[in-house]
Amino acid sequence: MKSLNRRVFLSSSLAVLGAAGIHLPLWARTGAISPAQSSPGQLLLGVDYYPDQTPESLWEEDAQMMAETGITNVRIAEFAWALMEPSEGTFDFSWLHRSVDILRKHKLAVILGTPSAAPPPWLSQKYPEIFEVNERGEKLHPGGRRFTCPTNQTYRQLSLAIATEMARAFASDPGVIGWQIDNEYTLGSSGRCYCEYCQAGFQKWVRQKYHSLDEVNRTWGAAFWSQIYTDWSQIPVPLPSGADPNPGLTLDYYRYQSYANASFNDEQLAVLRKLCPKHFVTTNNVGLPLDTIDERMLYANLDFVSFDNYPGFFKMYMQQQSKSAMVPWDGITIAVALGHDFGRSLKGKPFMIMEEQSGKAGQTTFSPQPDKGQVRLWTYQAIAHGAMGVNYFRWDTATFGTEEYWHGMLNHDRSKSPAFDEIKQTLNELKSLGPELLNSQYDSDAALLFDYDCSWAVKIQPQHFALSYTEQAATWYGCMSPTHTGIDVILPGMDLAKYKIVFAPVVYVLAKDQAERIKSYVQGGGVFVTNFRLGAKNEVSQIVRTPLPGLLRDMMGVTVSDYVPIYSPGQKVKFASALAGDDADVKLWADILQPQTAEVLGTYLSGDHAGEAAITVNRFGKGKAVYIGADLSVPSLARVLMTFAAQAGVKRVEAPAGIELTTRRSEKKSWTFVLNHTSSPQKVRVPGSYRDALTQAAVTGTIDLEGYGVRVLQAA
Ligand SMILES: [Zn+2]
């Protein structure tokens, strides 16, 4: 449904393309945008560079230093609209050509960014209708970035025009190898727009999805609070309205906003495909746990995924959010790994880090200065999880502007930053490891299922004020990460059959086709592990009228007799011998399970439901389905998940806390990455015989890793 609607929307935006003077693109006829190439065909070990913010007298010196450092490519121009189009329809790429020429002279390939994340003041002044309206109904103002509406046709047309002129100017430039469209969609102060253009776009999207107002009214349950719509133009967006909005409408609005951004991206993509068929095209975003845009939709037609990675900035942000002086690195490390695994799984192939933290990062406040070794470690962590390339953010550090405290490889005075030599070493190591390793695959026996619909529906109605889908997903991922077995982070509709076990927390929204896929996976021998609120809603966000867990009741072999939000401490789960362990605290939720065919593996200890089932396993076909009805405290949850993983045949590699191991494979070779995320030396027993890919030394048994140390071990 999503792709169909998107095609319809893209066709309907032909008027925009016509206005921008572009021929009918291929995708408008076929509904498909074919990739230019599956991988870039060259090493992407570079930096993000801003010639637009650097005196031209320094460009030559910059390029020379970059080349000496071992850098292969730069990304430039993604915030340079004002210089490229100083007034409407007047384009000046002369400075950019000069910059690309200098970079090419030093064998530095260029990724060009289209500048639509930050329009120039002449545009904002002339077209005040382009501004985003946030979820409180407040119009954003110019002066920052990401303050524009993804639906507004004027803004789309102007964005397309500058992208088109850039593409024409650089299509045959031998210095350019690829494109980054826009920058970090939805990552602003407000992730979604609620303006009148988005309202009109939403009305059109709803009409294409549901065809009749009767269907809309039925689907959203508009009879509630007298919301029956009699004209398409009455359909609102979920702005403040005296009470919480309709959950069905709001879920559809989140889907629409994601689609509006992705189709905005695809308009520029179509132009780049047509004018620059030999160049790769991507966009940079961040992965989970951020969930404001459906990244599968965003990257569907792009050549590869590229993400931005700032572990130190993330740590500072988490400390600000939790008002805690200290958020330990462990959790940050796991969240970063989750993002990498998601980035790889989105297209099932290597991804790029378009921006990697290289020093203190920040706008008004600084993140911690990475310790010596941490920048190299973070780079290898990305490579270990499937990255094929990395660009460090940024080359020099701006002496003006909002990000003047976002430190790069050069300090404000152009001296080398504390991590400069470390980055140089890392780039040259990655070059020596070579393209076969960087483009190798990553095999996982286990998968974590992430579903945007569930995440958004839980955000709209948390059910317990402290319940968060992304936190649950991250916790389950973290529980499994000590197995060092490799986890793909997949989305509904992706192939399940290749996994020994699939973990799926809080499957609150469940569509019929996905339920069928899960059932056939288990029937065929898979192990499906899930928890509370399973199947409570269908894909249009209506509560199912059947006993829970709805569509999966036969597969789970249980009926949910009651569901209980927890507001007082004391409830515990006692485990049966198969899961033997200390009684577990129940945190936020308890589904009370009544087994039909399932075996009980845990029971509630107190209250009205004492003795009733909390955890069950059901044999279904050749596989089994596990229901964890209680929101278990983390140590118990980890023990339970790892027990089922071991039973499913997932191998576990033992390693001390803070050590991470992953494996990548090419056709003939495999490499095991051993990463020490702690500042102290560690001893790690490696699970085979290897050759150190950097020193060529033979490696077996127990290895010594220095603080933040890294080993890349090729199987002997
Ligand atoms: Zn809007």
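No experiment lies behind these values; they were computed from the predicted model shown.

Calculation notes
Residues numbered from 1 in each chain as written. Predicted model: local features only at pLDDT ≥ 70, side-chain atom pairs only at ≥ 80, totals over all residues. Heavy atoms only, no water. Pairing = 2+ DSSP bridges. Helix = DSSP H or I, 4+ residues; strand = E, 2+ residues; numbered from the N terminus. Phe/Tyr/Trp six-rings, centres within 6.5 Å; stacked < 30°, edge-to-face > 60°. Buried < 20%, exposed > 50% of the residue type's maximum accessible area, 1.4 Å probe, protein only. Donors = N, O, S within 2.8 Å, 3.2 Å for Na, K, Ca; no water. Tetrahedral: all angles 85-135°; square planar, octahedral: opposite > 155°, others 65-115°. Axes fitted to C-alpha atoms, helices over the stretch in contact; angles between N-to-C directions. Parallel < 35°, antiparallel > 145°, perpendicular 65-115°, else oblique. Left-handed = near helix turned anticlockwise from the far one by under 90°. Contact = heavy atoms within 4.5 Å. Nonpolar A, V, L, I, M, F, W, Y, C, P; charged D, E, K, R; others polar.

### Let's talk about the sheet that holds strand E9 (residues 387-393)
Spatially, the nine strands line up as an open sheet ordered E5-E4-E3-E2-E1-E9-E8-E7-E6, and their pairing is parallel. Single-partner strands in this sheet number two, and they are strand E5 (280-282) and strand E6 (284-285). Relative to strand E4 (residues 176-180), strand E3 (residues 109-113) runs parallel, the two sharing four bridges. Opposite Ile-111, over in E4, you have Gly-178 as the bridge partner.

### Remarks on the packing of aromatic side chains
For any pair of aromatic rings, geometry is given as the distance between the ring centres together with the angle between the planes. Taken as a whole and judged by the stated rule, the model has 36 aromatic pairs. Centroid distance Phe-366 to Tyr-405: 4.6 Å. Interplanar angle 45°. Geometry classified as tilted. Remark: Tyr-405 occurs in the loop between E9 and helix H16 (420-438) and Phe-366 occurs in the loop between strand E8 (351-357) and helix H15 (374-384); sequence separation between them is 39 residues. For Tyr-405, a relative accessible area of 33% puts it in the partly exposed group. When the centroid spacing of 6.2 Å and the interplanar angle of 85° are considered together, the rings of Phe-393 and Trp-406 count as edge-to-face. Taken together, the residues Phe-393 in strand E9 and Trp-406 in the loop between E9 and H16 connect sequence positions 13 residues apart.

### Things to note about the coordination of the zinc ion
Protein-derived coordination of the zinc ion comes from Cys-149 (SG), Cys-193 (SG), Cys-195 (SG) and Cys-198 (SG), at a distance range of 2.2 to 2.3 Å. Considering all four donor atoms around the zinc ion, the spread of angles at the metal, 98 to 123°, places the coordination shape in the tetrahedral class. Mapped onto the sequence, the donors of the zinc ion take the spacing C-x43-C-x1-C-x2-C. Residue Cys-149 is located in the loop between helix H7 (121-126) and helix H8 (153-170), and its partner Cys-195 is located in the loop between E4 and helix H9 (196-210); the two are separated by 46 residues in the primary sequence. When its relative accessible area of 1% is taken as the criterion, Cys-149 is described as buried.

### Quick notes on unusual backbone geometry
Leaving glycine aside, a negative phi is the common case for residues, and trans is the common case for peptide bonds. Residue Leu-288 is joined to Pro-289 through a cis peptide bond whose omega torsion reads 10°. Located in the positive-phi region is Thr-186, a residue other than glycine, with phi close to 70°. Structurally, Thr-186 can be placed in the loop between E4 and H9. Of note, Ser-541 is a non-glycine position whose phi angle comes to about 70°, a positive value. By secondary structure assignment, the location of Ser-541 is in the loop between strand E13 (527-531) and helix H20 (553-556). Given a relative accessible area of 8%, Ser-541 falls into the buried group.

### A closer look at the packing of H15 against H16
Axis separation between H15 and H16 bottoms out at 10 Å; the angle between their running directions is 15°. When the interaxial angle is binned, H15 and H16 end up roughly parallel. As for the relative orientation of H15 and H16, their crossing is right-handed in sense. Between H15, through Gln-374, Val-375, Arg-376, Thr-379, Tyr-380 and Ile-383, and H16, the contact on the second element is made entirely by Glu-422, Ile-423, Gln-425, Thr-426, Glu-429, Leu-430, Leu-433, Leu-437 and Leu-438. When its residues are assigned to classes, the contact of H15 with H16 shows eight nonpolar, four polar and three charged.

### Some words on the sheet that holds strand E27 (residues 710-715)
Strand order in the open sheet formed by five strands is E21-E22-E27-E24-E25, with antiparallel pairing between adjacent strands. One side of each edge strand has no neighbouring strand; the edge strands of this open sheet are strand E21 (659-665) and strand E25 (698-699). Bridge analysis of E21 against strand E22 (residues 670-676) gives seven bridges, and the strand direction is antiparallel. Bridging from a neighbouring strand, Ile-659 pairs with Asn-676 of E22. In this fold H15 packs onto E21, E22 and E27, with an angle of close to 145° to the strand it touches most, E22.

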